[in-house]
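A look at the structure
This is what each chain is made of:
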Amino acid sequence: MEISQRFLQACRRESVDTTPVWFMRQAGRYMAEYRAIREKYSLIEICQHPEIAAEVTMQPVRALGVDAAILFADILLPVIPLGLGLEFAKGEGPVIGSPVRTLGDVRAMKSFDTESDLGYVMDAIRILRQALGGVPLIGFCGAPFTVASYIIEGGSSREFLKTKTMMYSVPEVFHALMEKLSVVLSDYLVAQIHAGAQAVQVFDSWVGTLSPADYETFVLPYSRKVLQAAEALNVPVIHFGTNTTTLLPLMKRAGGSVLGLDWRLPLDDGWKIIGYDRAVQGNLDPAILFSPLSEIKTRVHDILHRAEGRPGHIFNLGHGILQHTPVDNVKAVVDMVREFSAENVRA
Ligand code: CP3
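So, how was this worked out
- Residues numbered from 1 in each chain as written.
- Predicted model: local features only at pLDDT ≥ 70, side-chain atom pairs only at ≥ 80, totals over all residues.
- Heavy atoms only, no water.
- Helix = DSSP H or I, 4+ residues; strand = E, 2+ residues; numbered from the N terminus.
- Rg over C-alpha atoms; globule rule 2.2 N^0.38 Å.
- Contact = heavy atoms within 4.5 Å.
- Areas by Shrake-Rupley, 256 points an atom, 1.4 Å probe, with all protein chains shown as cover.
- Lys, Arg positive; Asp, Glu negative; His and termini not counted.
- Charge placed at Lys NZ, Arg CZ, Asp CG, Glu CD.
- Phe/Tyr/Trp six-rings, centres within 6.5 Å; stacked < 30°, edge-to-face > 60°.
- Buried < 20%, exposed > 50% of the residue type's maximum accessible area, 1.4 Å probe, protein only.
- Patch = residues over 30% accessible without salt bridge, like charges linked within 9 Å, V, L, I, M, F, W, Y side chains within 5 Å.
- Salt bridge = Lys/Arg side-chain N within 4 Å of Asp/Glu carboxyl O.
- Pairing = 2+ DSSP bridges.
- Core = buried A, V, L, I, M, F, W, Y, C linked by side-chain atoms within 4.5 Å.
- Near = heavy atom within 4 Å.
- Polar contact = N/O pair within 3.5 Å; in protein donor to acceptor, adjacent residues only side chain to side chain.
- Nonpolar A, V, L, I, M, F, W, Y, C, P; charged D, E, K, R; others polar.

Looking only at helices and strands, one finds 15 helices and nine strands in the protein. Over its C-alpha trace the protein gives a radius of gyration of 19 Å, about what one expects of a compact globule, namely 20 Å for 347 residues. Projecting the C-alpha coordinates of the protein onto the three principal axes gives extents of approximately 60 × 45 × 35 Å. Sequence-distant contacts, at least 24 apart, represent 74% of the contacts inside the protein between residues at least 6 apart. Taken as a whole, the protein presents about 13900 Å² of accessible surface, with 50% of it coming from carbon and sulfur. A distance of 2 Å separates the average location of the 33 positive side-chain charges in the protein from that of its 38 negative side-chain charges.

If you want it as structure tokens, here you go:
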């Protein structure tokens, strides 16, 4: 296993030998090794068995030679000790047994102790720090808004209608839920860092459904709490969302040393909006990985051109790897990024 510090260096906007590359959802169903384990264990079982979670985390590191590992877990695991019930129904995605709709529901959410109730996550981190032999390990949690949206809707959603109805009709209930989640998620992220995560990512995957004004009122203060709790421990913090073109300045204000960029705006335009005092991560469209290698190469080179070899770019997709992605194409992207950037990064 190649050991490189270029991921952590780029997070700190230090110069690197080649642009670091890893992929959101780099472990998962597109890999045969993962599917073999999933035949025997459910997603939640994998997460709750630290040795298996660690093994699954390592699969893409071995197969692809990426510059960072991301802990195998799910942003919805804290829903279990909150007492709301979590299941992954076949073909339906996550299902929350007791969705939160009223102030009574918020108050009925259980308090929990991260080290004991989610201890299996921290155990996986401790195993991985040994097993990875120097490849940096990224921990993560969901941002309060994205987690709240699942808790309110009861599962995945397109329109976020129940979430927005709560926001606009009973804002005090929404704020109470976000306050509670910001505390729980801060604790969870801090525990991961103490267990050995060398960087963390906060996934606000669905925040792009909001206007800037609503982001500022309903999301920013709570995301800031979580991001700042991690930043206080001096590890790189990646603040990620999709559909965030109009939200980037506010997301920067909320926090994070690295801002995620999806493919809906060119990397250079996004970086300019954010400012060069932050690193950026992104921004290949995951769908490009289904194209011929020549097309993939054009798109990879375009992104690297736009980064101009400036310190502080971490190559990634704009969102997670899709289910039927050809593994060889993912590996090819790693090679393309290394080859091209070796010649083009600024000294
Ligand atoms: O990146 C990684 O390799 C680490 C693992 C990881 C998973 N979930 C495992 C997983 C990470 C970082 C997540 C984060 C996550 N989970 C997010 C934020 C990132 C994003 O994609 O926006 C969200 C929104 C979730 C919630 C979630 N988990 C959904 C909506 C689903 C179902 C979707 C589907 O593809 O069926 C999951 C299930 C899930 N979490 C899988 C994996 C690998 C699916 C595979 C399986 O069932 O084995």
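The description of two aromatic rings rests on the distance between their centres and on the angle between their planes. Evaluated as defined, the whole model comprises seven aromatic pairs. With 5.6 Å between their ring centres and 75° between their planes, Phe203 and Phe240 make a pair best called edge-to-face. Placement of Phe203 in strand β5 (residues 199-204) and of Phe240 in strand β6 (residues 237-241) is noted, with a sequence separation of 37 residues between them. A relative accessible area of 12% places Phe203 in the buried class. Look at Phe240 and you get buried, because its relative accessible area is 0%. Ring plane angle 65° and centroid distance 5.8 Å describe the contact between Trp271 and Tyr276, whose orientation is recorded as edge-to-face. Look at Tyr276 and you get partly exposed, because its relative accessible area is 39%.

The next point concerns helix α8 (residues 144-153). With 10 of 10 residues buried, α8 is to be regarded as a mostly interior element. Immediately downstream of α8, the backbone of Gly154 shows phi near 90°, a positive value.

Glancing now at a positive patch on the surface. Where like charges cluster on the molecular surface, the positive patch consists of Arg25, Arg29, Arg38 and Lys90. For Arg29, the location among the structural elements is in the loop between α1 (6-11) and α2 (32-38). Given the relative accessible area of 44%, Arg29 is considered partly exposed.

Attention now moves to the pairing of strand β2 (residues 86-89). Here four bridges tie β2 to strand β3 (residues 93-96), and the two strands are oriented antiparallel to one another. Looking at β3, one finds that Phe88 is bridged to Pro94. Where β2 folds back on β3, the antiparallel hairpin that results is connected by three residues, among which Gly91 adopts a positive phi of roughly 75°.

The subject of this paragraph is the environment of Asp67. Following the sequence through the fold, Asp67 ends up in the loop between α4 (50-64) and β1 (69-70). Overall, Asp67 belongs to the buried group, its relative accessible area being 3%. With 101 residues separating them in the primary sequence, Asp67 and Tyr168 have C-alpha atoms 43 Å apart. Apart from residues no more than four positions distant in its own chain, Asp67 is found in contact with Ser4, Arg6, Phe7, Thr19, Pro20, Val21, Val135, Pro136 and Arg338.

Turning next to the pattern of salt bridges. Following the criterion strictly, the structure yields 17 salt bridges and no others. Between Arg12 and Glu14 there is a salt bridge, and its shortest N-O distance comes to 3.0 Å. Given a relative accessible area of 33%, Glu14 falls into the partly exposed group. Ionic pairing is found between Arg264 and Asp262, a salt bridge with its closest N-O pair at 2.5 Å. Judged by relative accessible area, which is 42%, Arg264 ranks as partly exposed.

Time to look at the nonpolar core. In this structure, Phe7, Trp22 and Phe23 are the most contacted members of the largest nonpolar core, which totals 130 residues. Ignoring anything within four residues of it in the chain, the contact list for Trp22 reads Phe7, Val66, Ala68, Ile70, Ile138, Gln201, Ile238, Gln281, Ile314, Phe315 and Asn316.

Contacts to the ligand come from 24 residues, most closely from Arg29, Tyr34, Arg38, Ser205 and His319. A distance of 2.6 Å is found between an oxygen atom of the ligand and a side-chain nitrogen or oxygen belonging to Arg38. When isolated, the ligand has an accessible area of 870 Å², and the protein chains bury 89% of it. Contributions of two or more residues to the shell around the ligand are made by α2 and β3. Looking at the shell around the ligand, its residues break down into 15 nonpolar, five polar and four charged.

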